[in-house]
Amino acid sequence: MEKLNCYCGKSFEIEIKETIDLEKDSIITDQILNNKFMEYNCPSCNKILRPEFRINFIGNGIDLTMIPEIERDSYLAGTNKQKAKQIVIGFQELREKIIIHNLNFNERTIELIKLYLLKKTNSKPDIKIFFENLKNDYLIFYIYGLKENETGISKLPKHIYTTIDENLEERLKDREIKELLDLPYISINKIIPEVQ
């Protein structure tokens with residue numbers, strides 16, 4: 001059990017599973033994809049709280065651990081050691097990985113595309129880019145941080161993904177690219193704090 005403290009001053013307990021088998025609990029996948037996972041209503045004021053906890057996800061070809069967003073800096077600094085096969089940090093990255101997995105895309109290829117998008121934004125250090133979907137043969141990416149309170153949208157033809165994916169092994173010969181795309185944490189968010 002975990003204790004949640006609401007903004008109204010009341011506290012309540014919730015049950016959190018350390019490991020979730022997505023094969024056995026398909027409702028969880030739907031909750032993640034619909035931004036409803038880990039939503040809890042305060043029994044006192046009915047406000048929705050969205051805390052993040054460390055959870056292992058297995059099943060349906062997935063084997064990863066989500067660590068809370070609040071632990072990002074300590075993980076990237078190497079002070080928060082994790083012994084997981086694969087790591088995502090925060091709910092948005094978890095959702096993105098499930099979308100990528102459901103579309104049978106290569107997450108390394110998606111991260112490379114995000115790296116190119118990041119470079120086109122003049123590499124602002126507070127930019128966050130997430131793959132959202134494939135629609136009408138276009139890959140849709142959401143870009144946060146370009147303008148305050150606005151979400152940028154980038155649509156790229158699927159053939160760009162195919163071309164990059166076909167040449168992925170060649171690109172992995174670049175040491176920096178390989179490091180960026182190595183397990184356990186495959187994400188351009190490894191480098192964003194360093195980008196100037």
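An account of the accompanying structure is given in this report.

Rules used in this analysis
- Residues numbered from 1 in each chain as written.
- Predicted model: local features only at pLDDT ≥ 70, side-chain atom pairs only at ≥ 80, totals over all residues.
- Heavy atoms only, no water.
- Salt bridge = Lys/Arg side-chain N within 4 Å of Asp/Glu carboxyl O.
- Helix = DSSP H or I, 4+ residues; strand = E, 2+ residues; numbered from the N terminus.
- 1 Å grid on protein atoms, 1.4 Å probe; cavity = no way out; pocket = protein on both sides within 12 Å on 5 of 7 lines; lining within 4 Å.
- Points joined across faces, edges and corners; volume = space filled by probe spheres on them.
- Nonpolar A, V, L, I, M, F, W, Y, C, P; charged D, E, K, R; others polar.
- Buried < 20%, exposed > 50% of the residue type's maximum accessible area, 1.4 Å probe, protein only.
- Contact = heavy atoms within 4.5 Å.

Points about the pattern of salt bridges
Here's step 1: Counted according to the given criterion, the structure contains 13 salt bridges.
Here's step 2: For R54, the salt bridge goes to E71, with nearest N and O atoms at 2.5 Å. Note that R54 is positioned in the loop between β5 (48-49) and β6 (55-59) and E71 in the loop between β7 (62-67) and α2 (72-76), a separation of 17 residues in sequence.
Here's step 3: Through salt bridges with shared partners, a single ionic network connects E96, K97, E107, E111 and K114.

Remarks on the layout of surface pockets
Here's step 1: Volume-wise, the second largest pocket comes out at about 260 Å³.
Here's step 2: What lines the second largest pocket is a set of 13 residues, among which G61, I62, Q86, H101 and E107 lie closest to the centre.
Here's step 3: Those elements giving two or more residues to the lining of the second largest pocket turn out to be β7 and α3 (90-102).
Here's step 4: Looking at side-chain class alone, the lining of the second largest pocket contains 5 nonpolar, 4 polar and 4 charged residues.

Details of the side chain of Q86
Here's step 1: Within the fold, Q86 resides in the loop between α2 and β8 (87-89).
Here's step 2: For Q86, a relative accessible area of 11% translates into the label buried.
Here's step 3: Ignoring sequence-local partners within four residues, the contact set of Q86 consists of D63, L64, T65, K97, E107, L183, P184 and I186.

A word on the environment of D30
Here's step 1: Here D30 shows up in helix α1 (residues 26-33).
Here's step 2: Judged by its relative accessible area of 45%, D30 falls in the partly exposed class.
Here's step 3: Distance from D30 to R54, taken between C-alpha atoms, is 19 Å for residues 24 residues apart in sequence.

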